Amino acid sequence: MSPEPPLLSVDGLVKRFGGFRALDGLSFHLNPGEILGLVGPNGSGKTTCINVISGLYAPDGGGVRFAGRAIGGLPSHRLVHLGINRTFQVPKPFLSLTVRENVAVADGYGRNPRGPVDIDTLLATLDLRPVAERRAAELNSAQQKMLDLARALATGPRLLLIDELAAGLNPAELDRVAVQIKEIARSGVALLVVEHLMGFIGEITDRVIVMNAGKEIFEGVMADAIQDKRVVEVFLGGEDEG
Amino acid sequence: MPRLLRHTLLILLPLVAALALAPALYGNHLLLFNVIVFLTLAQGINIIYGFTGYLPFGYVGFFGAGAYGFALAVMHLHALPLVALAAGGLAALLLGVLLTPLLRLSGAYFSIANLAAALAVLQIVSNPALESVTKGPYGISLSGVFDPALAYGVALAILAATTFLVIWLRHSRFGMALQAIREDAISAAMAGIDVVRGRVVAWLLAALVAGLTGSVYAWYISVFYPETVFGGEITIFAIVFALFGGTATILGPILGVVILYGIYNAIGISAPQYFQLIYGLLIMGLVLFLPNGLASLLRRRGIDVP
Ligand SMILES: Nc1ncnc2c1ncn2[C@@H]1O[C@H](COP(=O)(O)OP(=O)(O)OP(=O)(O)O)[C@@H](O)[C@H]1O
Ligand SMILES: [Mg+2]
C-alpha cells in the first residue's frame, strides 16, 4: 500500500523578478496536521514562497500541487475556496471595516466546508472578542496580525501559510500564539510557519526547511538544523549584513 | 433584512414622494428635473467610487452614451421612448464593457484614462463625418417624443431604483465585499472574493445608472448638442456632490446634491464658470483632506449616517 500523498507538494518552484530568481528550484511537501517551519535570512524567498502558493504570483517554473491537483497560477480566491489561506508579514486587514466585519466578509465568501463560522467564538479564541466592534485601523499591529489569522481561519483552510505572526510579540504573547498555532494543527490543518525566532520555531514545528537565495539548504528537525554547517554559515553570513 | 426595509421607508420613500410632489408646488420644472439627474449621477459615483475606490473622471461618457443611445434609437429605429431608454442603457453598458481594461489601472491613472475615454467618445459622436448617424456637431432634435412630464416620472423611477441599489449595497454581503476590495484587494481575494468580478459588476452598474440617466435627460430636453451631454462639468458636479456628502453611505450624496446644487442654483447660475473652478478645487480638497465627506464629520461627533 502506498502512503497518503502529501497535502501540499512544491516541486522545483521558480519565481523570477526581472532577472533575479527569488525562488530558484524550491521543493518540499507538507502533510495534514503537520507544522513545517520555513526559516532563512532576510530576502531568502520565504514570503515569495507563500505568495506563490497563495496565488499572488504565478510560478515561472516548477509546480505546486494541492490535494492532488496542480494549482500553480490559479487566482487567490479560487485557492481560498480549495482550502488554502495565509496571513501577511505586514498585516492587511480591511482598515475601515470593523473587526467583526473583517471576519464576516471571509465567512461570507470563503466557502468554508464546515459551514458558517461562529464569529464570536473565533474572535474569542484569538483574543479579539473585546475589540470586535472596533474598526481594524484602531488595532495595534499584533492585533491586526491576529485579525489576519481570524480572517484566514473563517474560510476553513486545510493549508495555512503563516508569515511572521510572532514578530514583535512579548514572551507571554509568544506562548499564547504557540498554543494557538498548535491547536490549529491539531484540528488537521497543515501549517507552513515562517519565523525568524528560532526558539519559537523549534518549539512549535515538527520539521523545518532552511532556505537561502531561493533554494532549500536543509530539511529536518530544528535540533539538527542548528548543528548543520551550511545553515550556520548562512545565518552568520546574514547577520553581519543585518 | 430590517435595515434595508428601514432605510427604504425612511430615506427612499420620502425622497421620491418629495420629488413627485415638487412640480405641483414649485414652478421651475427643469431645475427639479436636474436635481433628479444629479441625485442619480451622484449615487452612480457612490456605487463606483464609494464601494470600489475608482474615481471616474470620465463618468459623463456613460451619460452621453446613454443620451445618444436614446437619440439614435428614436431617430433611426423610431423606437418608443421607453424602448429607446433601454437602448441608451445598453449603449452605456457596452461602453462600460469596452472600458473594463481600465480597471487594471489604479488611482489617478484610472481617473485620467477614463477622462480620455470620455473625450474620445465625444470626439467620435461629434465628428462631422458621422453626420448621417449622430448629426455630428450639429446636435439632436427629438421633438417627436417630447414629453417632459412623463420623462420626469421615469427619471424619478430611475433615481428610486438607483437609490435602492445603494441601500442594498450598504446592507448586503456583496456591498461589504466591494468595500473589502476597496480597502485591500489582495486581502479581499484571501477572503474568497472574486475581485475582478466584483469590480466589473460595480463598474457596469455605475455605467448603467449614468446611461439610463443620460437617456431620460435626452428625452426630457429633446434638443441637445454633443457638448451638452458630454460636458465635463456634469462629471465634476456628480463627483463633488457625492464626495462632499460622503460616499459609501446612502444619505451622503443626497446631502451633497441638496447643499451644493442648492448653493449653485441660488448664487452660481449667473457665473457658472467660477463654480466649475470652485467645485473642481473642492474635489481636490475633499479627496486630500476629507475623503469621506460630511458623513465622516458627523460620525466623529457620534452621529451615525446611514
Ligand atoms: N514584488 C517583488 N518585486 C521585486 N522583487 C521582489 C518582490 N518581492 C520580493 N522580491 C525580492 O525577492 C527576494 C525575496 O524576498 P522575500 O520577501 O520572499 O524574502 P523573505 O525571505 O520573506 O525575507 P524577510 O525575512 O525579510 O521577510 C528579495 O530580494 C526581495 O527583494
Ligand atoms: Mg518575508
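### Some thoughts on a positive patch on the surface
Okay, so step 1: Residues Arg69(A), Arg78(A), Arg111(A), Arg173(B) and Arg197(B) make up a contiguous surface patch of positive charge.
Okay, so step 2: Structurally, the position occupied by Arg78(A) is in helix α2 (residues 76-82).
Okay, so step 3: Take Arg78(A): its relative accessible area is 36%, and that puts it in the partly exposed class.

### Side note on the site of ligand 1
Residues and elements named next belong to chain A.
Okay, so step 1: In the vicinity of ligand 1 lie 15 residues, with Lys-46, Thr-47, Thr-48, Gln-89 and His-196 positioned nearest.
Okay, so step 2: In this structure, an oxygen atom belonging to ligand 1 sits 3.3 Å away from a main-chain N or O atom of Ser-44.
Okay, so step 3: Taking Thr-47, its side chain carries an N or O atom lying 2.7 Å from an oxygen atom of ligand 1.
Okay, so step 4: For ligand 1, the protein covers 65% of the area, taking 630 Å² as the surface of the free molecule.
Okay, so step 5: Mapped onto the shell around ligand 1, the elements with two or more residues apiece are β2 (20-30) and α1 (46-53).
Okay, so step 6: With three residues, the top contributor of residues to the shell around ligand 1 is α1.
Okay, so step 7: Taken together, the residues that form the shell around ligand 1 break down as five nonpolar, eight polar and two charged.

### Quick notes on the sheet that holds strand β4 (residues 61-66) of chain A
Residue and element names in this part refer to chain A.
Okay, so step 1: The strand order β2-β1-β4-β5 describes an open sheet built from four strands, whose pairing is antiparallel. Two strands bound the open sheet, and with one partner strand each, they are β2 and β5 (69-70).
Okay, so step 2: In this sheet, β5 lies alongside β4 in antiparallel orientation, the contact comprising two bridges. Within β5, the residue paired with Arg-65 across the bridge is Ala-70.
Okay, so step 3: Across the sheet, α1 touches β1 (8-17) and β2, and the angle it forms with β2 is around 70°.

### Some remarks on a nonpolar patch on the surface
Okay, so step 1: A cluster of nonpolar side chains, namely Leu255(B), Val258(B), Ile259(B), Ile263(B) and Ile267(B), defines an oily patch on the protein surface of about 410 Å² accessible area.
Okay, so step 2: Tracing the backbone shows Ile263(B) in helix α13 (residues 251-268).

### Topic: the interface of chain B and chain A
Okay, so step 1: Each side of the interface is counted separately: chain B has 18 residues, and chain A has 24 residues.
Okay, so step 2: Taken together, the two surfaces of chain B and chain A that pack against each other cover about 1800 Å², and 67% of this comes from carbon and sulfur.
Okay, so step 3: Asp184(B) is paired through a salt bridge with Lys92(A); the nearest N and O atoms lie 3.1 Å apart.
Okay, so step 4: The interface formed by chain B and chain A contains eleven residue pairs in polar contact (both at pLDDT 80 or more).
Okay, so step 5: Element by element, the count of residues in the side of chain B that touches chain A is highest for helix α8 (residues 173-183) of chain B, at eight residues.
Okay, so step 6: Per-class residue counts for the side of chain B that touches chain A are ten nonpolar, three polar and five charged.

### With respect to the environment of Phe66(A)
Okay, so step 1: By the element assignment, Phe66(A) lies in strand β4.
Okay, so step 2: Those residues in contact with Phe66(A) that lie beyond four places of it in its chain are Leu7(A), Ile71(A), Leu82(A), Gly83(A), Ile84(A), Arg158(A) and Leu159(A).

### Topic: the coordination of the magnesium ion (ligand 2)
Note on metal geometry: ideal angles are 109.5 degrees for four donors arranged tetrahedrally and 90 or 180 degrees for six donors arranged octahedrally.
All names here are of chain A.
Okay, so step 1: For the magnesium ion (ligand 2), the full set of protein donor atoms is Thr-47 (OG1) and Gln-89 (OE1), and the range of their distances to it is 1.9 to 2.1 Å. In this pair, Thr-47 is assigned in helix α1 and Gln-89 in the loop between β6 (84-86) and α3 (99-109), connecting sequence segments 42 residues apart.
Okay, so step 2: Looking at Thr-47, the relative accessible area reads 25%, which means it is partly exposed.
Okay, so step 3: Residue classification places Gln-89 among the partly exposed residues on the basis of a relative accessible area of 34%.

Rules used in this analysis
Residues numbered from 1 in each chain as written. Chains lettered and ligands numbered in written order. Predicted model: local features only at pLDDT ≥ 70, side-chain atom pairs only at ≥ 80, totals over all residues. Heavy atoms only, no water. Patch = residues over 30% accessible without salt bridge, like charges linked within 9 Å, V, L, I, M, F, W, Y side chains within 5 Å. Areas by Shrake-Rupley, 256 points an atom, 1.4 Å probe, with all protein chains shown as cover. Salt bridge = Lys/Arg side-chain N within 4 Å of Asp/Glu carboxyl O. Lys, Arg positive; Asp, Glu negative; His and termini not counted. Charge placed at Lys NZ, Arg CZ, Asp CG, Glu CD. Helix = DSSP H or I, 4+ residues; strand = E, 2+ residues; numbered from the N terminus. Buried < 20%, exposed > 50% of the residue type's maximum accessible area, 1.4 Å probe, protein only. Near = heavy atom within 4 Å. Polar contact = N/O pair within 3.5 Å; in protein donor to acceptor, adjacent residues only side chain to side chain. Nonpolar A, V, L, I, M, F, W, Y, C, P; charged D, E, K, R; others polar. Pairing = 2+ DSSP bridges. Contact = heavy atoms within 4.5 Å. Axes fitted to C-alpha atoms, helices over the stretch in contact; angles between N-to-C directions. Buried area = accessible area lost by both parts, 1.4 Å probe. Donors = N, O, S within 2.8 Å, 3.2 Å for Na, K, Ca; no water.

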